[in-house]
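Notes for the structure review
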Amino acid sequence: MRCPKMLNDEQILLKTAQLLENFNISTKKTEKLLRELDETEYEIVTDVLDDLAPDDLAFNRLFAGKMRLIINFPTMDNQSQLGQFAEELDQVLKLNVDWEKGMVSTQREWTEASIENDEAFVAGIMGGEGPKKVNRKFQMKIGKYFAKLDKLLQDYKKMRQKIAHEVWEGRQDNSWGASFSVGQIKDSLTTDELKRFYQIQNGLELYAGTDQIAALNRYYTGYDESQKGNHTKIPQLAKYWQENAGYIKKNIGELTNDKYSIILTRSPVDVMRMSDFDKITSCHSPPSRGSTQGSYYKCAVAEAHGHGAIAYVVETEQIIEATGAKDLQEAEDDLQEGEIFYDGERAYDSGVLEPVSRTRLRQVRYYNTGKPKRWDEGVEVALPEKRVYGANIPGFVDRVIAWARENQLEVIENMPKEDGKIDLDNFWIFGGSYEDTAHAAGRRALMSKLLGIDHSNDFTGDMHQDTATEDTLDHNALSGMAGRWEQEVEAIQNEWNERYAIMRVEGEVEDDGDGGLYIGARAVARIPISKDDFVKTPNSYPTAMHAFDYITQIFGDIFLVDNAFINYEGNNLIFGCDLNLEHPEIGESALMYDPDSFNEFCRVLDVNIDDKHDAFTAYITEFLKQEGWLQGAAYVQLVNDIDNKDLSSYEWDVRTDGEYATDSYESTASTSHDFDPEELGVNPKVLEDILNSTGWRVMIRQELLKPAKDELGTDYNVDLNGTSVDISGSEHVGYLVQYNIEFIVNQDTPDEIIELFKELVTGDMDDSDRLSNIFNWAMKQALNARLPAGQQKNLDEHLVKTWKGFLGRK
């Protein structure tokens, strides 16, 4: 039976209390929530709201008397955040992007910056060969790419500041963006600094596509000074990717610039149903959804009493089809009356549109005094929330804020001020008590976003809150809920624990001591490392604490490092630690107001923490290698020795590709030898053919490694990274053939080979005479093997046979 249309205050309160008591607990999984607003819920609220005229609702002037507005929501043009982000990677940085995998890659060619190429450049002017080009490629995760590029840009600026300081004797350090000659650069830097400077330039050529300040300046200008020492715009791009990667990976292939539109609505039923959809739920969901969240459903009802509006994202095609309109303006005119959103429980008289996400527009008013005599005398402000429920489509909130700012310019201009600052003591926020961005600080943050100003320096005072409407509805009906909450919390935690890679959560229902309930939570990260990877096994204290502290230095204080531990489970060592639940990446508190907020907490953990399990595992592995616990520690120590000058070689050029051990993936050692074709009695071209042959590479590698292998008693070999041959001179002055050889090791190289590499560059082969003898002796073997059998000298029977094999001779 339908309720009568008009109810008195006592009837309203009674029915609301009954509504909040009649929870229907769902036994279904959270991916498919129960149903829409039921008949009783719908009638109770519509009975109360039927008498509200348009000018009784919030934002009548802003909406020009309309109930609903439609605004466009471009997602992929260069005016949208996502479009600008994609354009930056594709058009500016010239990267190949695999959005689904979150990877970038490219291949570039440039003239390598080096001392040798500086000299070759001068030689080129005089008619020589000139500097050489290099061709390199890379592929890495987008997040790691941004970190690499940011570090290069910061280091480049520091080096150029030093050059400017030296060139202008400390008077123009800020002129680091000027053009410097090669001579000025060399005079300003030490030999090691010059090598690092060239390494940075080459890194920028590879990762940014240029080392030219004019092109790179876009990343140095306009950066956010508050970002804790970040001095480029790259961290902003990295933050955008981190916050939106999940949505972008799944949806970018389907996004078009007109895929979505935004319906701004102040219709009471639309507002009340802010979390009453299969894909949009929150603490405001109605009791009929079985989420046992009635204490905040009343907040949605209060908002519906004319105190707010909602911005819904809806597919544009669905809007056009539902209205039969030729465009969105015509569709807007058609959507002014009745209910427009689909309700499966009341399908016969509901609308057909199905929103995919929403955010709130809070009703705020400002007055001439702190507390006015009449609430309706103030100037109304539509204040967008920053929290999004449903699909987190990049740019949604920013589009709503831009609309609100553009259409409230006069309201903003006339806001009350004190000493040039906006005086929030004269502002009040109305409607439901629940705030996604809570309390005075949260309201200040929302206002700063609307105005586009600094929320710490441009305001004075605090915005007040009026909850009178909700208070008249507030009949707390928590009787008998504790047991049902416990069952639901247990089901939620079990489901998420099965889905997580490294996370484990626990929730416990507690009595708040004031007739209500809350949920306390604990979250623990558990990172497995195979026992087989350890060269020695650590104890929990202090290794576990130090391991997670190493992560916090990179990601912030997301772990309570004092609670870190190591457990042994099967074939793994489990590195575990409690999460800091007050960290912004996780949440504001370990206390939840109902099971759905606990479920949302688990979801946030999944996206912001558990999805980073590969990175956390990599950093703990990196730490353990640095400390000597894991295989691969020898490589980290090698890089540290190179960086700290503890490993020095006179005859080998030893380099690593990172400034720090944790940056480095590979290290190389190269040397060269000059052959005189005339002295050897052989044509330079023949000599070049020999040096480029497989037989020569095999023999010279073994001969160079033999002393080190004998010293260490190993049969391992170090890999060659490459060899090259350069012929210089002329027929008149004679020719010189230079042979270059380079060995390589990396993070994945076994420790025994790392030791062999170190012995190669610091042992017997770190002697110019011995190296020269090895190269000359090996060349005699090679030349001897090319002679007819009757003319060969018995220099080394085995080597002669080996060379015959390579030459295909018997």
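Residues numbered from 1 in each chain as written. Predicted model: local features only at pLDDT ≥ 70, side-chain atom pairs only at ≥ 80, totals over all residues. Heavy atoms only, no water.

1. Side note on the sheet that holds strand β22 (residues 719-730)
On the basis of which strands lie adjacent, the open sheet formed by four strands has the order β20-β21-β23-β22 and antiparallel pairing. Lying at the two open borders of the sheet, with one neighbouring strand each, are β20 (653-656) and β22. Between one strand axis and the next, the sheet turns by 20° as a mean value, whatever way the strands run. In this sheet, strand β23 (residues 734-746) lies alongside β22 in antiparallel orientation, the contact comprising 11 bridges. Of the residues in β23, the one forming a bridge with Asp-719 is Ile-744. Helix α26 (residues 751-762) contacts β20, β21 (666-675) and β23 of the sheet and is inclined by roughly 150° relative to β23. (Pairing = 2+ DSSP bridges. Helix = DSSP H or I, 4+ residues; strand = E, 2+ residues; numbered from the N terminus. Axes fitted to C-alpha atoms, helices over the stretch in contact; angles between N-to-C directions. Contact = heavy atoms within 4.5 Å.)

2. Section: the pattern of salt bridges
A side chain of one charge can pair with a side chain of the opposite charge if their charged atoms are brought near each other. In this structure the tally under the stated criterion is 26 salt bridges. With a shortest N-O distance of 2.7 Å, Glu-88 and Arg-218 are connected by a salt bridge. Here the residue Glu-88 occupies a position in helix α3 (residues 81-92), and Arg-218 occupies one in helix α8 (residues 213-220), the gap between them amounting to 130 residues. Exposure remark for Glu-88: the relative accessible area of 11% places this residue in the buried category. For the salt bridge of Arg-499 with Glu-495, the shortest nitrogen-to-oxygen distance reads 4.0 Å. Of this pair, Arg-499 and Glu-495 both sit in helix α18 (residues 481-499), four residues apart, which is roughly one turn of the helix. For Arg-499, a relative accessible area of 44% corresponds to the partly exposed category. Judged by its relative accessible area of 18%, Glu-495 is buried. Among the charged side chains, a salt-bridge network with shared partners connects Lys-66, Glu-332 and Asp-333. (Salt bridge = Lys/Arg side-chain N within 4 Å of Asp/Glu carboxyl O. Buried < 20%, exposed > 50% of the residue type's maximum accessible area, 1.4 Å probe, protein only.)

3. Describing the packing of aromatic side chains
Here the structure, examined in full by the defined rule, presents 29 aromatic pairs. Ring plane angle 45° and centroid distance 6.1 Å describe the contact between Trp-99 and Trp-241, whose orientation is recorded as tilted. Taken together, the residues span a long stretch of sequence, with Trp-99 in the loop between β2 (96-98) and β3 (103-111) and Trp-241 in helix α9 (residues 234-251) at a distance of 142 residues. Considered together, Trp-99 and Trp-241 belong to a single accessibility category, that of buried residues. Here the aromatic residues Phe-85, Trp-99, Phe-138, Tyr-145, Phe-146, Tyr-207, Tyr-240 and Trp-241 are joined through ring pairs into a cluster of three or more. (Phe/Tyr/Trp six-rings, centres within 6.5 Å; stacked < 30°, edge-to-face > 60°.)

4. Brief notes about the sheet that holds strand β4 (residues 133-141)
Reading across from one edge, β2-β3-β4 is the order of the three strands in this open sheet, with antiparallel pairing throughout. In this open sheet, the two edge strands, each paired with only one partner strand, are β2 and β4. Recorded for the sheet is a direction-independent mean angle of 15° between the axes of neighbouring strands. As defined by bridge partners, β2 adjoins β3 across three bridges and the pair is classed as antiparallel. Bridge pairing in β3 places Asn-96 opposite Ser-105. Helix-sheet contacts for helix α5 (residues 142-167) involve β2, β3 and β4, and the interaxial angle to β4 is about 130°.

5. Let's talk about α8
Turning to α8, its buried residues are Ile-213, Leu-216, Tyr-219 and Tyr-220. Viewed end-on, α8 has its buried residues packed into an arc of 95°, placing them on one side of the element. In this structure, the buried residues of α8 make contact with α3, α5, α7 (191-207) and α9. (Arc of directions from axis to C-beta.)

6. Focus: helix α12 (residues 316-323)
Every α-helical turn comprises 3.6 residues, leaving residues that sit three or four positions apart pointing alike. All buried positions along α12 are accounted for by Thr-316, Ile-319 and Thr-323. Looking down the long axis of α12, one finds its buried residues gathered within 60° of arc, a one-sided arrangement. Of the exposed residues in α12, those oriented more than 90 degrees away from the buried face are Glu-317 and Glu-321. The secondary structure elements touched by the buried residues of α12 are β1 (68-72), β5 (260-265), β6 (308-315) and α13 (328-334).

7. A word on the side chain of His-583
Structurally, the position occupied by His-583 is in the loop between β18 (572-578) and β19 (591-592). Residue His-583 is classed as buried on the basis of its relative accessible area, which comes to 10%. His-583 has contacts with Phe-555, Gly-556, Asp-557 and Ile-558, leaving out every residue within four places of it along the chain.

8. Notes on the pairing of β21
Sheet analysis places β20 next to β21, joined by four bridges and oriented antiparallel. Paired with Arg-655 across the two strands is Thr-668, which belongs to β21. Taken together, the 10 bridges between β21 and β23 define a ladder with antiparallel strand orientation. Each bridged residue has a counterpart across the sheet, and for Glu-666 the counterpart in β23 is Asn-746.

9. Brief notes about the confidence of the model for the chain
Scored by pLDDT, the chain comes out at a mean of 79, with 78% of its residues at no less than 70. A low-confidence stretch, residues 1-36 stays under pLDDT 50, and its non-local contacts, those more than four residues away or across chains, total 81 contacts. (pLDDT = per-residue confidence, 0-100.)

10. Notes on the side chain of Asn-244
Here Asn-244 is to be found in helix α9. Among all residues touching Asn-244, those that are not within four sequence positions of it are Asn-392 and Pro-394.

11. A short note on the layout of surface pockets
There is about 600 Å³ of room inside the second largest pocket. Lining the second largest pocket are 26 residues; nearest its centre among them are Val-182, Ile-185, Gln-201, Asp-211 and Gln-212. At the level of secondary structure, the elements contributing two or more residues to the lining of the second largest pocket comprise β3, α4 (115-125), α5, α6 (182-188), α7 and α8. Here the lining of the second largest pocket gets five residues from one element, more than from any other, and that element is α7. Counted by class, the lining of the second largest pocket contains 13 nonpolar, eight polar and five charged residues. (1 Å grid on protein atoms, 1.4 Å probe; cavity = no way out; pocket = protein on both sides within 12 Å on 5 of 7 lines; lining within 4 Å. Points joined across faces, edges and corners; volume = space filled by probe spheres on them. Nonpolar A, V, L, I, M, F, W, Y, C, P; charged D, E, K, R; others polar.)

12. Focus on the nonpolar core
Grouped together as the largest cluster of nonpolar side chains are 46 residues, with contacts concentrated most on Tyr-145, Phe-146, Leu-149 and Leu-204. For this core, the secondary structure elements donating two or more residues are α3, β3, β4, α5, α7, α8 and α9. With 10 residues, α5 is the single largest residue contributor to this core. Residues within four places of Tyr-145 in sequence aside, it is in contact with Leu-93, Leu-95, Val-104, Phe-138, Met-140, Tyr-207 and Ala-208. Listed in part, the 45 residues of the second largest apolar core include Tyr-550, Val-561, Cys-602 and Leu-605. (Core = buried A, V, L, I, M, F, W, Y, C linked by side-chain atoms within 4.5 Å.)

13. Description of unusual backbone geometry
Following Tyr-541, the chain continues to Pro-542 via a peptide bond in cis, the omega torsion being 5°. Relative to the assigned elements, Pro-542 resides in helix α19 (residues 540-555). Unusually for a residue other than glycine, Ala-64 sits at a positive phi of about 55°. Among the structural elements, Ala-64 can be located in the loop between α2 (39-49) and β1.

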